[in-house]
Amino acid sequence: MRNKKRNNFGQFIKQLNSEVSFVNLTTYTSPEVKEEPYKEWIQYGKDNGYFQYLIDRYNGSPTNNAAINGISQQIYGKGLNATDASRKPNEYAQMVSLLHKDTVRKLCYDLKLMGQCAIQVIYSKDRKITQLEHFPIETLRAEKANEDGEVPAYYYFKDWAEIKSNDKPLRIPAFGKSNQSIEIMYIQPYKAGFYYYSPVDYQGGLQYCELEEEISNYHLNNIMNGLSPSMLINFNNGIPNQEERRLIENKIAEKFSGSSNSGKFILAFNDTKEAQAEITPVQLSDAHQQYQFLSEESTKKIMLA
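Every value quoted in this text rests on a predicted model; they were computed, and no experiment measured them.

Peer 1: Any chance you could break down the packing of helix 2 (residues 50–60) against helix 5 (residues 101–114) for me, citing the residues and the numbers?
Peer 2: Running from amino to carboxyl end, helix 2 crosses helix 5 at an angle of 95°, the nearest separation of the two axes being 10 Å. The pairing of helix 2 with helix 5 is recorded here as roughly perpendicular in orientation. In this structure, helix 2 uses F51, L54, I55 and Y58 to contact helix 5, whose residues at the interface are Y109, L113 and M114. For the contact of helix 2 with helix 5, the per-class residue count stands at 7 nonpolar, no polar and no charged.

Peer 1: Can you explain the sheet that holds strand 4 (residues 129–135)? Please cite residues and give values.
Peer 2: Overall, antiparallel pairing links the 3 strands, which are arranged 4-3-8 in an open sheet. Strands at the two margins of the open sheet, each flanked by one partner only, are strand 4 and strand 8 (182–187). The mean angle between the axes of side-by-side strands here comes to 25°, regardless of whether they run parallel or antiparallel. Across 6 bridges, strand 3 (residues 117–123) lies against strand 4 in antiparallel orientation. By the bridge assignment, Y123 is partnered in strand 4 with I129. Along the sheet, helix 5 contacts strand 3 and strand 4; its crossing angle with strand 4, the most-contacted strand, is approximately 40°.

Peer 1: Go over the packing of helix 2 against helix 3 (residues 62–76), please, and point to the residues and values.
Peer 2: At a minimum axis distance of 5 Å, the contact between helix 2 and helix 3 shows a crossing angle of 105°. On the basis of their axis angle, the class for helix 2 and helix 3 is roughly perpendicular. In this structure, helix 2 contributes R57, Y58 and G60 to the contact, and helix 3 contributes P62, N64, N65, I68 and N69. Residue composition of the contact of helix 2 with helix 3, grouped by class: 3 nonpolar, 4 polar and 1 charged.

Peer 1: Give me the lowdown on unusual backbone geometry, citing residues and values where you can.
Peer 2: Within the chain, D47 stands out as a residue other than glycine whose phi angle is a positive 55°. With respect to the secondary-structure elements, D47 resides in the loop between strand 2 (42–44) and helix 2. One non-glycine residue with positive phi stands out, namely N48, at about 60°. Within the secondary structure, N48 sits in the loop between strand 2 and helix 2. Judged by relative accessible area, N48 falls into the buried class, the value being 3%.

Cut-offs used in this document
Residues numbered from 1 in each chain as written. Predicted model: local features only at pLDDT ≥ 70, side-chain atom pairs only at ≥ 80, totals over all residues. Heavy atoms only, no water. Axes fitted to C-alpha atoms, helices over the stretch in contact; angles between N-to-C directions. Helix = DSSP H or I, 4+ residues; strand = E, 2+ residues; numbered from the N terminus. Parallel < 35°, antiparallel > 145°, perpendicular 65-115°, else oblique. Contact = heavy atoms within 4.5 Å. Nonpolar A, V, L, I, M, F, W, Y, C, P; charged D, E, K, R; others polar. Pairing = 2+ DSSP bridges. Buried < 20%, exposed > 50% of the residue type's maximum accessible area, 1.4 Å probe, protein only.

Note that all results are geometric; they support no functional claim without further evidence.
See below:
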């Protein structure tokens, strides 16, 4: 990565003397599953924060947010049922008592948003399952696989982005791998090339989720900054000292700034009128059409993904 950055920087330096320079933008990559020698858990994504990356794309993109909410509700449908409920009423009643509606809804939500979900299995002293609870998937990381290629446990930490070297995540055995009272059942669909974690099924649309966020942030910043300075005031009778300039600026600000006046102005002090400041705005050709295209394209691609 460092060599690539140096090459890009070198290209940029060589192009400074030419009329046109090209900037290479970084491209989105699939989540990295990283195994470090001195850690018992497997990291997921850059800085071990891929789950948080998905949450940020969910919170920042309105189209992605609506799609995930709608699809997760459709996965849940009318809740759990069984075709043989009338023939096995006791087993059906036990299933319903263990898997509450709220738990199933959360599992469906995580399965769509994160690509996987987790259930906390709670046993009684005689090793009977007494309770099944949803477990926030973003707080879990898989332990390194054993010699049989199985994941024996998962590690819990409330915020993996804030973990320090002296922190010790809680180790919770995987379902059926211990005699402890609590285990984790990790549910993930098969994805080629992935073992510990599964990427989301809308992986190809994440770039457009981020693009939709950036477009909205751009327009919001434009509005908050008044779109552009609303006036240019030139003083062409010499340049006063710093204290006088500050007093003049404060007086003008009191009179012209505020929410109803955009709150933006440019103040210029010049020796003569011929030397007055000149502002040349740099405008993007057909900017409104380009932003509209990008916005519509993002929505289409997110829905397609």
